[in-house]
Amino acid sequence: MHNTQKLSNSVTWVGAGDVRLALFENMFPLANGISYNSFIIEDEKIALFDTVDRSVHRQYIENIIYTLNGKQLDYLILSHMEPDHCDGIENVVAHYPNIKLVGNAKTFQLFEQFYDGDLKSHYYEVKDGDELSLGSHTLKFIFAPMVHWPEVMFTYESTEQILFSADAFGTFGNIQGNLFADETDYADFYLNEARRYYGNIVGKFGAPVQAILKKLADTPISIIAALHGPIFRTEEGIALMLGKYQHWSTYTPEKQGVVIAYASMYGNTENAVNILAKMLSEKGVQDIRMFDVSKTHPSYIVGDIFKYSNLVVASPTYNMGLYYGMDALLNEVSALGIQNRKVSIIGNGSWAPASAKKMTELVSAMKNTTIIGNVLDITSAVKEEQLPLFEKLADDIVTSLK
Ligand code: FEO
């Protein structure tokens, strides 16, 4: 059964959500699913924006058929050729054989890489800045390469001032009836997931995100419609997300606070970070977020690393190197290009200790990142005589937070 929502008289959401999916990209845990957004603008010409993941394709087609009420589609705008948004192209063309597929040269190259159907006669290739009139609505295509893939393009509809923003400003978490962010408790329910989504999916591409934000700086925006998650239609909501993207894309912490990511095989490294966390708290530090890397998926830790100014990493040695979970986390932090952070390091090792050295090497490779305090190296378990070293490290972290 169809399930659509109106953005305005002319614009309808025809997307769908998947709450059964456990791992987005078969990698990132989803506690509340994800939505695949798609929109129809009805005017003299009718345009559909993007398709959806194959898991929700049936719902999507029902939504389109219901919305069109017998009318034909003229255009399918292809914002992004990742299969969570493009898997329905061939089926949409089968339903609407006169449709034009609107994309750029890279869009069509990727389409042909993924799919075998010859749809060349449907291609309508656009260049950056090209416009397409639907009647009273005009679409302007704004290329946004590497926000998240090279073919990505935003579309700006100038009459209703809608920015169709591809993956940007999206979030994990399905739409739960309330399509618009201002109808939800966005800060409580979605914002952490929007940050985790950004950090892990788009986080590596800070410079391209900065480029598109600059390109849009003078564009009046009344609605942001991303491919995942709620739609922003209030000044506050739009300002919130533009502000967050400014922070995240420049790797600027949103808050002073300390993320403590640790690995611990028998509880001794955990004891060390608990001692440090208690000392930080006693010294007035309020935002301390502790993660056992063996218990928490790294995407959550990455999300909080994007949020906070300081990071403490603590890990035992394993196989004369770095414990697997910590090695994976720090390599991911490096791969995402996270920078501009203050990092403290606690190593542990009972024989041939190496974790402090390995973590120092990985942290030193992060751009604009300062190692705060002395690198501590405990050998198996914290001893009474080492407590002053922890006090000193806690003092150095507190100083760095000011
Ligand atoms: Fe939602 Fe980059 O795909």
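Above this text you will find the structure in question.
Quick caveat, the model's predicted, so the values are computed rather than measured. (Residues numbered from 1 in each chain as written. Predicted model: local features only at pLDDT ≥ 70, side-chain atom pairs only at ≥ 80, totals over all residues. Heavy atoms only, no water.)

Details of the side chain of Glu 151
Part 1: Examined against the element boundaries, Glu 151 turns out to sit in the loop between strand 13 (138-143) and strand 14 (153-157).
Part 2: Of the side chains bearing the opposite charge, Lys 106 lies closest to the buried Glu 151, which forms no salt bridge; the N-O distance is 8.5 Å.
Part 3: The contact partners of Glu 151, leaving out residues within four places of it in the chain, are Ser 79, His 80, Met 81, Glu 82, Asn 104, Lys 106, Thr 107 and Leu 110. (Helix = DSSP H or I, 4+ residues; strand = E, 2+ residues; numbered from the N terminus. Buried < 20%, exposed > 50% of the residue type's maximum accessible area, 1.4 Å probe, protein only. Lys, Arg positive; Asp, Glu negative; His and termini not counted. Salt bridge = Lys/Arg side-chain N within 4 Å of Asp/Glu carboxyl O. Contact = heavy atoms within 4.5 Å.)

Digging into a nonpolar patch on the surface
Part 1: Taken together, the side chains of Met 265, Tyr 266 and Tyr 318 make up a nonpolar region of the molecular surface, amounting to roughly 380 Å² of accessible area.
Part 2: Relative to the assigned elements, Met 265 resides in the loop between strand 17 (255-262) and helix 9 (268-282). (Patch = residues over 30% accessible without salt bridge, like charges linked within 9 Å, V, L, I, M, F, W, Y side chains within 5 Å. Areas by Shrake-Rupley, 256 points an atom, 1.4 Å probe, with all protein chains shown as cover.)

Things to note about the pattern of salt bridges
Part 1: Tallied over the full model, the rule gives 18 salt bridges.
Part 2: Among the ionic pairs, Lys 215 bridges to Asp 128, the shortest N-O distance being 3.0 Å. One end of the pair, Lys 215, is in helix 7 (residues 206-215); the other, Asp 128, is in the loop between strand 11 (123-125) and strand 12 (131-133), and 87 residues separate them in sequence.
Part 3: Look at Asp 128 and you get partly exposed, because its relative accessible area is 40%.
Part 4: Arg 233 is paired through a salt bridge with Glu 183; the nearest N and O atoms lie 3.7 Å apart. Of this pair, Arg 233 sits in the loop between strand 16 (223-225) and helix 8 (235-249) while Glu 183 sits in the loop between strand 15 (162-164) and helix 5 (186-189), placing them 50 residues apart in sequence.

Thoughts on the nonpolar core
Part 1: Among the nonpolar cores identified, the biggest contains 92 residues, and Ile 64, Ile 89, Leu 101 and Phe 154 are the most heavily contacted of them.
Part 2: The element that contributes the greatest number of residues to this core is helix 6 (residues 191-202), accounting for 6 residues.
Part 3: Setting aside anything within four residues of it in sequence, one finds Leu 101 in contact with Leu 76, Leu 78, Ile 89, Val 93, Phe 108, Leu 119, His 122, Tyr 123 and Tyr 124. (Core = buried A, V, L, I, M, F, W, Y, C linked by side-chain atoms within 4.5 Å.)

Here we look at the packing of aromatic side chains
Part 1: Scanning the model with the defined rule gives 20 aromatic pairs in all.
Part 2: Seen from their ring centres, Phe 108 and Tyr 123 are 3.9 Å apart, and the 10° between their planes marks the pair as stacked. A residue pair is termed long-range when its members are at least 10 positions apart, and Phe 108 in helix 4 (residues 105-114) and Tyr 123 in strand 11 qualify at 15 residues. Just as Phe 108 is buried, Tyr 123 falls in that class too.
Part 3: Among the aromatic residues, those joined into a ring-pair cluster are Phe 169, Tyr 198, Tyr 245, Trp 248, Tyr 251 and Phe 306.
Part 4: The residue whose ring lies beneath Arg 196 is Tyr 300, and the NZ or CZ to ring-centre distance is 4.0 Å.
Part 5: The ring of Phe 180 has Arg 233 lying over it, and the distance from NZ or CZ to the ring centre is 3.9 Å. (Phe/Tyr/Trp six-rings, centres within 6.5 Å; stacked < 30°, edge-to-face > 60°. Lys NZ or Arg CZ within 6 Å of the ring centre and 35° of its normal.)

Re the packing of helix 10 (residues 298-307) against helix 11 (residues 324-335)
Part 1: Two elements in contact, helix 10 and helix 11, have axes whose closest approach is 10 Å; the angle formed by their N-to-C orientations is 50°. Viewed along their axes, helix 10 and helix 11 adopt a mutual orientation that is oblique. By crossing handedness, the relation of helix 10 to helix 11 is classed as right-handed. Of the residues in helix 11, those touching helix 10 at Pro 298, Ile 301, Val 302 and Ile 305 are Leu 329, Glu 332 and Val 333. (Axes fitted to C-alpha atoms, helices over the stretch in contact; angles between N-to-C directions. Parallel < 35°, antiparallel > 145°, perpendicular 65-115°, else oblique. Left-handed = near helix turned anticlockwise from the far one by under 90°.)

Quick notes on the sheet that holds strand 8 (residues 46-49)
Part 1: Taken in spatial order, the 7 strands line up as 1-2-7-8-9-10-11 in an open sheet, and their pairing is mixed. With partners counted over all chains shown, the strands left at the sheet margins are strand 1 (5-6) and strand 11, one partner each.
Part 2: Summarising the sheet, strand 2 (residues 11-13) and strand 7 (residues 39-42) pair through 3 bridges and their orientation is antiparallel. Its bridge partner lying in strand 7, Val 11 is registered against Ile 41.
Part 3: On top of the sheet, helix 1 (residues 57-68) reaches strand 2, strand 7 and strand 8; it is set at about 15° to strand 7, its chief contact.
Part 4: Contacting strand 10 (100-103) and strand 11, helix 4 runs over the sheet at an angle of about 150° to strand 11. (Pairing = 2+ DSSP bridges.)

Digging into helix 4
Part 1: Looking at helix 4, one finds that the buried residues are Thr 107, Phe 108, Leu 110 and Phe 111. Buried residues of helix 4, seen end-on, are gathered within an arc of 160° and therefore sit on one face of the element.
Part 2: Among the structural elements, helix 3 (89-95), strand 10 and strand 11 are those in contact with the buried residues of helix 4. (Arc of directions from axis to C-beta.)

Structural notes on the sheet that holds strand 12
In a beta sheet, neighbouring strands are held together by backbone hydrogen bonds and run either parallel or antiparallel to one another.
Part 1: Taken in spatial order, the 5 strands make up an open sheet running 12-13-14-15-16, and their pairing is mixed. Here the strands that pair on one side only, and so sit at the sheet edges, are strand 12 and strand 16. Recorded for the sheet is a direction-independent mean angle of 20° between the axes of neighbouring strands.

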